[in-house]
Every structure is written in C-alpha cells, then in structure tokens.
Amino acid sequence: MSTSTLQPPKKPSGYKPFHPRWYRPRVSVYWWLGEWHYLKFILREISSVFVAWFVVETLLLVNALRQGPAAYEHYLKLMQNPLILVLNVVSLFFVVFHTITWFNLAPSAMPVRFGGKRVPDFLVAAPSYIAWIVVSVGVAWLLLR
Amino acid sequence: MAKQSNEAFFWMLFSAGGVVAAMLIPVQLFLFGVAIPLGWVQAPSYEHLVSLLRMPLVRIYLFVFCSLPLFHWAHRFRFTLYDGLQVKHLNEVIFTLCYGGAIAGSAVAGYLLWSAP
Amino acid sequence: MAEKITLEIARYSPEQDEQPHYECFEVPVHKEWVVLDALNHVKDNVDGTLTYRWSCRMGICGSCGMMVNGEPKLTCATFLSHYANQGARKIRVEPLRYFPVVRDLVTELSDFLNKLKKVKPWLIHEDEPPLSQGEFLQTPAQVDRYKQYSMCINCTLCYAACPVVGLDPVFVGPAALALAQRYNLDSRDQGAAERTALLAHPEGVWGCTFVGECTRVCPKHVDPAGAIQQYKLAAVMSWLKSFVMPRGQDAR
C-alpha cells in the first residue's frame, strides 16, 4: 500500500457545521511598517529597484561610448549632477545592502556538510565575500589602469 | 514525472541575477557613480574604455551584467507588488510589465553591445 | 524589579463582540513567573472567563503560542522579569496573528492542520518491503539530514510571523513546508514525487519570499526558511533535469 487514504467522514449534504462568528482581522496595506524586521525585508526587496537603476546607467554609459568622446564627457558631467550624485550614493547603499544580505542568506539554500556535521553559515558565506573583494579589485584595476 | 510549476525557471533567473548584482555591481557603481564624479579617482579616458569595449569578452560580460540583474529586479519587484501593495488581482499585468521590462532592457543591452564600434 | 506589572489582554466574545477589545489586569511579578503563569493567575483569581490554550508549560506541546508585545512567543517560555527589568509597566497579550480568533486568545487552527495533512507527512513507499527484511537502518549522517526539521512542535509561531501567510491564506506556510522537507530528506521515504505538486507550486515554496521571520521566531530552531530555500534549489535542479532527462529524479 503506497499512500493511506485519510478521508474525513462524508457529511450529509445540506448540513453546515456550526461555529460562532470568528474574528478575522484584515492585514493592513501598511503591514510592512508595523515591525522593524518587516521594514528591513521590504528595504532589501526595494534594493532590486536600485540594481535596475544602475543597469540603466550602465546602458547609458555604453551608449555614450558608442557615440563618441563628446558624449562620454557629457555622461561624466551628468554623473556630477547633484541629484544624480545623491541618487547614486543612495543606490550604492542599497546595492551593498543587497550584496551583504544575499551572501549571508545564500548558505541557507545550500547546506554544506563536512565530517557528518553542518558547516556554520558564516563559513560558507566567507568565500563569497572573498570572491567579491577579488573581483571588485580586478574590475577596478581593469577600468582605471 | 510529477508536473512542476514553471516558477522554478523564474526563481533561477532571479538567483543568477542576484549573484551577478551582488558580485559585480557595487564596484562599478562606486567608481562611476561616486568616486569619479567626486574626483576621488581619475576618470578612465575615452580611448581606454572604447578599447575595453572592443573586446568580445567585455561585451559578453556587460550583456550578462545588464541582463541578469534586470531579471532579478523583475522577479523581486513582482513579489514586492504582490505582498507590499497587495495587488495580487493585477497578477497578469504585473507579470507582463516586470518580465517584459527585463526582456526589453536585455534587448536594448544586446543591441547596444552588438552594434558598438 | 517592580512588584507588579499590567497585562493588557485582548478579549473577544463571539456572542457579544464585533471586534476584540483590551482589558487590563495587574499581576504580581515573581522572579520565576512566565506570561502563562500570569494568565493562569488572572483566570484563577480575577476573571475566570479568560480563555486560552496551554498544556505542558515547558515548551514542547506548542499550545500556548500568543503575541506578546507584538512578537509571536510561547507564553510558557516568556518571563515576566524580562519585561519588568526593561522597565515596562505593561505587557500586551494578543492571539496569534493571521489566524481567525475563536474567543479571547484562542485561534482557529483547522486550516493549518489541513495544510499539514496536505503535504503527506508520513513515510511513503512505492514498494513495501517484507517484514522479514527487518527494520530500516539509518546512519547518524542520514538522520542529521532531516533531524532539525523533525523538531517542529506545531506551535504556529512561524505562521504568526510570516507576512505571506497573512497576505495569502492559501499559502502552505513555513511549518507545513518544513514538515514536507523532513520527509523528503528522510532516507526511508520515497514520496518526494507525490509531494512535488503541492510544494513546487505558486502557493507552495514559490510563495515564500524568504522574509526569514519564521526562522527567527521558531522556539525549536527548526529553520523552516532554510528548508524552503533548499527545496527551491532542489526544485530548480529537478526542473532543469526534466529537460535533459525527461524521466529523471524528482526534487528532494
């Protein structure tokens, strides 16, 4: 026998079991403001918007490079615009927040077992941080040399 | 084999995009968005960047850099709208706008990188 | 430490009330008292109509879960002195969030129990071996794979913590998904395929956005969020395999 069939006894049709009125609270649209942990979660999710924003900025840079040195100078000037600068600083905060939360949470999806015991998450996350630093230094060197 | 929801595919794109965004975006955003505009480092010359852009490997890197994080955004933003604003009844519209946006962005990236001199 | 503290308790009587209201009761603060002791004190000495669930009073039955100052907690494991030492004069006690309220602090759990049943939380065998073959043998390493997920006491604190549970009543939920993983990862079980339809479903694991609150509030450190993310990864592997090998293994 593969699965047991736990079926509830068939109710005679037309009979609805009685219960006194339950109170069913509605979840407010502002549920995420109610708790710091919820807010932190929503901020983490909002970081994806800033990720998308930087992809757009990168595409603008590529387009500027395609069009010539003047367009590139114009792009650099645009990056110095105070509003854009503030937006980029905020974006940097959110993007780094994404990186840190991502690396810290990723080990939950991939438990590593060594010698029969589970390796603690921060040890599994460490190589990601190291790779991040190495890649970042590499990219910076490539761009700035 | 038991039928599986195709959500697995979108979650896979979301994860890949998340890793790319986590690893590669911070340094470029720091350089082009903050350090260079504030004068902390010298902006790379136009010639240097164009010479980098000529390399096929760099174009592939940039395509992945632009495309996958857009799909990461699409998935995450879609769920944020579902949960944060409780607009699940606009299900199909949100899905189309988010993934459509990511596809459009990837197409733009592909075109720009393919047709760069 | 203060001698007394006020409990602000949510009261709801289905025959009389449209909505819950709060009533305050002053209780003494003894060093070893937990919130459950305070509730019992109120029920025994002040208002016998106060209604709530409790049983073992030692954190293993899972009956006494309630919102204490907005946090899902086992009231038998939450000390009054913790709040008194912070200088709090009041402790707010409410029924667990995201469940219908039957009366006072008692929640309606049949939906939760249904979800537990739906994930088929029993060992499933395609071929039942004969008794003469003896017991199933498991190495400590094999037990270790699923042991953590078997520690769940069904207290539903994770459901009270998870915003997706509140926003989407059809979402299977952390405890049920962790329970499914407990069986999927059990070497004696062959039923992963049968559970796939429910788990790899928009209201199964794909409804989870890894808020992580479930793991934070779990009194038994079951880590349901981890179980769910692992299943997501396994589901992706199995989905990919279904293209390469149409008759391949199911998510485990």
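Values in this document were obtained by computation on a predicted structure and should not be read as measured data. (Residues numbered from 1 in each chain as written. Chains lettered and ligands numbered in written order. Predicted model: local features only at pLDDT ≥ 70, side-chain atom pairs only at ≥ 80, totals over all residues.)

A look at the overall build of chain A
For step 1, the next point in the chain: In terms of helices and strands, chain A carries four helices and two strands.
For step 2, the next point in the chain: Listing every helix and strand of chain A by position from the N terminus yields α-α-α-β-β-α.
For step 3, the next point in the chain: Taken along the three principal axes of its C-alpha coordinates, chain A extends 80 × 45 × 30 Å.
For step 4, the next point in the chain: Burial status across chain A gives 20% buried among its 145 residues. (Helix = DSSP H or I, 4+ residues; strand = E, 2+ residues; numbered from the N terminus. Buried ≥ 20, exposed ≤ 12 C-beta atoms within 10 Å, placed from the backbone.)

Re the overall build of chain B
For step 1, the next point in the chain: Of regular secondary structure, chain B possesses four helices and zero strands.
For step 2, the next point in the chain: In chain B, the succession of α and β elements from N to C terminus is α-α-α-α.
For step 3, the next point in the chain: Its C-alpha atoms give chain B a radius of gyration of 18 Å, clearly above 13 Å, the size a compact globule of 117 residues would have.
For step 4, the next point in the chain: Judged by the C-alpha coordinates and their principal axes, chain B covers about 55 × 30 × 25 Å.
For step 5, the next point in the chain: Counting every position in chain B, which comprises 117 residues, the buried fraction comes to 44%. (Rg over C-alpha atoms; globule rule 2.2 N^0.38 Å.)

Side note on the interface of chain A and chain B
For step 1, the next point in the chain: Chain A puts 42 residues into the contact, and the matching count from chain B is 45 residues.
For step 2, the next point in the chain: Looking at the side of chain A that touches chain B, the elements that each hand over two or more residues are α1 (36-67), α2 (69-80), α3 (82-109) and α4 (121-144) of chain A.
For step 3, the next point in the chain: Of the residues forming the side of chain A that touches chain B, the biggest block, 15 residues, is contributed by α1(A).
For step 4, the next point in the chain: Residue classes in the side of chain A that touches chain B are distributed as 31 nonpolar, nine polar and two charged. (Contact = placed C-beta atoms within 7 Å. Nonpolar A, V, L, I, M, F, W, Y, C, P; charged D, E, K, R; others polar.)

Some thoughts on the packing of α1(A) against α2(A)
All names here are of chain A.
For step 1, the next point in the chain: Between α1 and α2, the shortest axis-to-axis distance is 6 Å and the interhelical angle comes to 150°. Of the possible angle classes, the one that applies to α1 and α2 is roughly antiparallel. Crossing hand, α1 versus α2: left-handed. Within the contact between the two elements, α1 uses Leu60, Leu61, Ala64, Leu65 and Gln67 and α2 uses Ala71, Tyr72, His74 and Tyr75. (Axes fitted to C-alpha atoms, helices over the stretch in contact; angles between N-to-C directions. Parallel < 35°, antiparallel > 145°, perpendicular 65-115°, else oblique. Left-handed = near helix turned anticlockwise from the far one by under 90°.)

So, the confidence of the model for chain B
For step 1, the next point in the chain: Chain-level pLDDT for chain B is 90 on average; 95% of the residues reach the 70-or-more range.
For step 2, the next point in the chain: When the elements of chain B are averaged for pLDDT, helix α4 (residues 91-114) of chain B gives the smallest value, 92, and helix α1 (residues 7-35) of chain B the largest, 95. (pLDDT = per-residue confidence, 0-100.)

Some words on the interface of chain A and chain C
For step 1, the next point in the chain: If you look at the interface, chain A gives 21 residues, while chain C gives 32 residues.
For step 2, the next point in the chain: If you list the elements that add at least two residues to the side of chain A that touches chain C, you get α1 and α3 of chain A.
For step 3, the next point in the chain: Tallied by class, the residues present in the side of chain A that touches chain C amount to 13 nonpolar, five polar and three charged.

Notes on the packing of α4(A) against α1(B)
The geometry of a pair of packed helices is captured by two quantities: the angle between their axes and the separation between those axes.
For step 1, the next point in the chain: Packing of α4(A) against α1(B) brings their axes to within 9 Å, and their N-to-C directions diverge by 40°. Between α4(A) and α1(B), the angle falls in the class oblique. With respect to the hand of their crossing, α4(A) and α1(B) are arranged in right-handed fashion. Between α4(A), through A:Ala131, A:Trp132, A:Val135, A:Ser136, A:Val139, A:Ala140 and A:Leu143, and α1(B), the contact on the second element is made entirely by B:Met23, B:Leu24, B:Pro26, B:Val27, B:Gln28 and B:Leu31.

Notes on unusual backbone geometry
Negative phi characterises most residues that are not glycine, and trans characterises most peptide bonds.
Residues and elements named next belong to chain C.
For step 1, the next point in the chain: We note that Arg57 has phi near 55°; this positive angle belongs to a residue other than glycine.
For step 2, the next point in the chain: Among the structural elements, Arg57 can be located in the loop between α1 (35-45) and β3 (65-68).
For step 3, the next point in the chain: One non-glycine residue, Asn69, adopts positive backbone phi at about 50°.
For step 4, the next point in the chain: Within the secondary structure, Asn69 sits in the loop between β3 and β4 (71-74).

Focus on the nonpolar core
Within soluble globular proteins, side chains that are nonpolar tend to cluster in buried spots.
For step 1, the next point in the chain: One finds A:Val51, C:Val35, C:Cys158, C:Leu177 and C:Val205 to be the most contacted residues of the largest nonpolar core, which totals 115 residues.
For step 2, the next point in the chain: Residues lining this core come from more than one domain, with at least three contributed by each of domain 1 (4-107) and domain 2 (110-244) of chain C.
For step 3, the next point in the chain: Every residue in contact with C:Val205, bar those within four places of it in the chain, is listed here: C:Leu177, C:Leu199, C:Ala200, C:Ile228, C:Tyr231, C:Lys232 and C:Ala235. (Core = buried A, V, L, I, M, F, W, Y, C linked by C-beta atoms within 7 Å. Domains from an automatic or database assignment.)

Brief notes about the sheet that holds β4(C)
Backbone-to-backbone hydrogen bonds pair the strands of a sheet. The strands run either parallel or antiparallel.
Residues and elements named next belong to chain C.
For step 1, the next point in the chain: The mixed open sheet is built from five strands, whose spatial order is β2-β1-β5-β3-β4. Looking at which strands have only one partner, the edges of the open sheet turn out to be β2 (21-28) and β4. With strand direction ignored, the average angle separating the axes of adjacent strands in the sheet is 35°.
For step 2, the next point in the chain: Sheet analysis places strand β1 (residues 4-11) next to strand β5 (residues 90-94), joined by four bridges and oriented parallel. Following the sheet pairing, Thr6 is matched in β5 by Lys90. (Pairing = 2+ DSSP bridges.)

Quick notes on the environment of C:Gln230
For step 1, the next point in the chain: Counting through the fold element by element, C:Gln230 comes out in helix α10 (residues 224-244).
For step 2, the next point in the chain: C:Gln230 gets classed as buried once you count the C-beta atoms within 10 Å, which come to 22.
For step 3, the next point in the chain: The contacts of C:Gln230, once residues within four sequence positions are left out, are A:Ala109, A:Pro111 and C:Gln181.

Description of the pairing of β3(C)
Residue and element names in this part refer to chain C.
For step 1, the next point in the chain: Residues Gly65 and Met67 line one face of β3 and the alternating positions Met66 and Val68 line the opposite face, and both faces are buried.
For step 2, the next point in the chain: Where β3 and β4 come together, four bridges link them in antiparallel fashion. The residue bridging Met66 from the neighbouring strand is Lys73, located in β4.
For step 3, the next point in the chain: Taken together, β3 and the strand that follows it, β4, pair antiparallel across an intervening segment of two residues, in which Asn69 is found at a positive phi of about 50°.
For step 4, the next point in the chain: Bridge count for β3 against β5 is two bridges, and the pairing is antiparallel. Bridged to Val68 within β5 is Val93.

Comments concerning the environment of C:Trp239
All names here are of chain C.
For step 1, the next point in the chain: With respect to the helices and strands, Trp239 occurs in helix α10.
For step 2, the next point in the chain: Here Trp239 falls in the buried class, since 20 other C-beta atoms lie within 10 Å of it.
For step 3, the next point in the chain: Separated by 39 residues in sequence, Trp239 and Ala200 have C-alpha atoms that sit 9.8 Å apart.

What about the environment of C:Ala160?
Residues and elements named next belong to chain C.
For step 1, the next point in the chain: With respect to the helices, strands and loops of the structure, Ala160 is situated in helix α5 (residues 157-161).
For step 2, the next point in the chain: A count of 25 C-beta atoms within 10 Å places Ala160 in the buried class.
For step 3, the next point in the chain: Note: C-alpha distance between Ala160 and Pro95 (65 residues apart in sequence) is 9.3 Å.
For step 4, the next point in the chain: Leave out the neighbours within four places in its chain, and Ala160 touches Gly65, Met67, Pro72, Leu96, Arg97 and Tyr98.

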